[in-house]
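# Chain and residue survey
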Amino acid sequence: MARRKLPGPIFNYIDGAADDEVTYRRNTASFERCDLVPNVLRGVENVDLSVTVMGQKLALPVYCSPTALQRLFHHQGERAVAAASDKYATMFGVSSLGTVSLEEVRKLSSAPQIYQFYFHKDRSLNRAMMERAKTAGVEVMMLTVDSITGGNRERDKRTGFSIPFKLTLAGMLQFAMKPAWGLNYLTHEPFRLPQLDEHVDMGGGTMSISKYFSEMLDPSMNWDDVAQMVEQWSGQFCLKGIMSVADAKRAADIGCTGIVLSNHGGRQLDGSRTAFDQLAEIVDAVGDRIDVLMDGGVQRGTHVLKALSLGAKAVGLGRYYLFPLAAAGQAGVERALELMRIEIERDMRLMGCSSVQQLSRANLRFR
């Protein structure tokens, strides 16, 4: 449905990944090497799906990961995701490259809110953005640490996808084939990036997402910088993009309260190991000190159960809700979360578990 509605460059921005997209494919395939071992006759009339993550109580063990540019996919954008997350009482995120302001989204939902933060060369900009998030009532600061430069997303290069658009001829033809999207785009409020528009000129003619990553973000970011941010935030602080045991231990050492195992949906370093394959060793190393979350390739309730059984506290969803957002706005995101809730509850019963806390590695076998 999203493919039918979106111009090709925008659909491919969501669907695409880096280089040969090997990691993107492996993210979902990694769950297939793990089998579930159910127990029966356990009395599972009632199933409790709630979890507590970084001090936040969630009614579901999944959350809507923060993603950029959502109003390009549907005019409701982050508003739809916030409202749907509120209905299902689970956590959601707003990106530094979000298209609705932190303040407006906070008013739309009482669900726990993440701010996905990118570390800029301008340290005063970093401090100002963190202070703004604190004032807006954001519960969890999530610093993305795997994106000090943009991944080689070749689908975007072929279409010329950028903000503002600087399309190739092929890209322009694909937009021309979807006039309904263009009409919808033009009849709603102008596209903007409210987290950045006071600080960054994104309208300089050719400022693409790739250029934003390469020119605005600070590739010299190090652990001392992050430690200062953790101290300044003085609250729930999470690093997104951790993949090694050494980095997980360092995150715990500097006072982070959570980490997200993530390869950015395969959009950064192609050939990177999958978060699910790394999960067990990182939980074993730091799971008693810090909340370990993961994302990447999650499409089914059984994927969630496998991750929770290995020790993840919760599981992030990305493309899983972005395609429904593009297809139907808030109704699409709600439908996606409802399907996931139904699947997890059904699968919990079939596993013989009445609460997430009963899931363990005893329920798993690897081929």
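In case you missed it, the structure is sitting above this.
Summary of the structure given here. Throughout this document, residue positions are counted from 1 along each chain, in the order its sequence is written. pLDDT decides what is reported in this predicted model: residues at 70 or higher carry local features, side-chain atom pairs at 80 or more are listed and counted, and totals for whole chains, interfaces and linings draw on all residues regardless. Only hydrogens and water are removed before side-chain values are computed, so all heavy atoms of the structure are retained for them.

### Remarks on the overall build of the protein chain
Convention followed: Labels follow the DSSP assignment, with helices taken as runs of H or I lasting at least four residues and strands as runs of E lasting at least two, numbered in each case from the N terminus. Atoms counted for the radius of gyration: C-alpha only. Globule rule: 2.2 Å times the number of residues to the power 0.38. In this scheme, a residue with accessible area under 20% of its type's maximum is buried, one over 50% is exposed, and one in between is partly exposed, where area comes from a 1.4 Å probe on protein chains only. Note on definitions: a residue-residue contact is assigned when non-hydrogen atoms from the two residues lie within 4.5 Å. Note on areas: Shrake-Rupley, 1.4 Å probe, and residue coverage restricted to the protein chains presented here. Two residue types count as positive, namely Lys and Arg, and two as negative, namely Asp and Glu; His and chain ends fall outside the count. Working definition for charges: the position is that of NZ of Lys, CZ of Arg, CG of Asp or CD of Glu.
A count of helical and extended segments in the protein chain gives 16 helices and twelve strands. Over its C-alpha atoms the protein chain spans a radius of gyration of 20 Å, differing by no more than 12% from the 21 Å that the globule rule assigns to 367 residues. For the protein chain, the spread of C-alpha atoms along the principal axes amounts to about 60 × 45 × 40 Å. Counting every position in the protein chain, which comprises 367 residues, the buried fraction comes to 57%. For the protein chain, the share of sequence-separated contacts (at least 6 apart) that also reach a separation of at least 24 residues comes to 74%. Carbon together with sulfur atoms contributes 51% to the accessible area of the protein chain, which is approximately 15,100 Å² in total. Once the 43 positive and 41 negative side-chain charges of the protein chain are each reduced to a mean point, those two points are 5 Å apart.

### Some thoughts on the environment of methionine 91
Among the structural elements, methionine 91 can be located in the loop between helix H5 (78–88) and strand S5 (92–95). For methionine 91, a relative accessible area of 0% puts it in the buried group. For the pair methionine 91 and arginine 26, spaced 65 residues apart in sequence, the C-alpha to C-alpha distance is 26 Å. In this structure methionine 91 touches Gln56, Leu58, Tyr63, Cys64, Ser85, Pro112, Ile114, Val140 and Leu293, once residues within four positions along its chain are discounted.

### Remarks on the packing of aromatic side chains
For any pair of aromatic rings, the description rests on two quantities: the centre-to-centre distance and the angle between the ring planes. Our working rule: Planes of paired rings set the category: under 30 degrees apart is stacked, over 60 is edge-to-face and the rest tilted, where pairs are Phe, Tyr or Trp rings (Trp by its six-membered ring) whose centres lie within 6.5 Å.
Tallied over the full model, the rule gives six aromatic pairs. When the centroid spacing of 5.9 Å and the interplanar angle of 75° are considered together, the rings of tyrosine 115 and phenylalanine 117 count as edge-to-face. A relative accessible area of 1% places tyrosine 115 in the buried class. Ring-pair connections join several aromatic residues into one group, and the members of that group are Phe31, Phe276 and Phe366.

### Re the pairing of strand S9 (residues 258–261)
Stated formally: Any two strands with at least two DSSP bridges between them are considered paired. If you view a crossover with the strands going away from you and the path from the first strand over the helix to the second runs clockwise, you call it right-handed.
The alternating pattern of S9 places Gly258 and Val260 and Ile259 and Leu261 on opposite faces, both of which are buried. Looking at chain direction, strand S8 (residues 236–242) and S9 are connected through four bridges and run parallel. What sits directly across from leucine 239, in S9, is isoleucine 259. Chirality of the crossover, the property in question, places the unit of S8, helix H13 (residues 245–253) and S9 among those that are right-handed. As a crossover connection, the stretch from S9 through helix H14 (residues 275–286) into strand S10 (residues 291–295) is right-handed.

### Quick word on the pattern of salt bridges
We apply this condition: Just to be clear on terms, a salt bridge is a Lys or Arg side-chain nitrogen sitting within 4 Å of an Asp or Glu carboxyl oxygen.
By the definition in use, this model includes 18 salt bridges. Glutamate 189 is the partner of arginine 71 in a salt bridge, and the nearest nitrogen-oxygen pair spans 3.6 Å. Here glutamate 189 lies in the loop between helix H10 (179–186) and helix H11 (209–216) and arginine 71 lies in helix H4 (residues 70–73), a separation of 118 residues in the sequence. Given the relative accessible area of 35%, glutamate 189 is considered partly exposed. In the salt-bridge network here, residues are joined through shared partners; they are Arg71, Arg79, Glu104 and Glu189.

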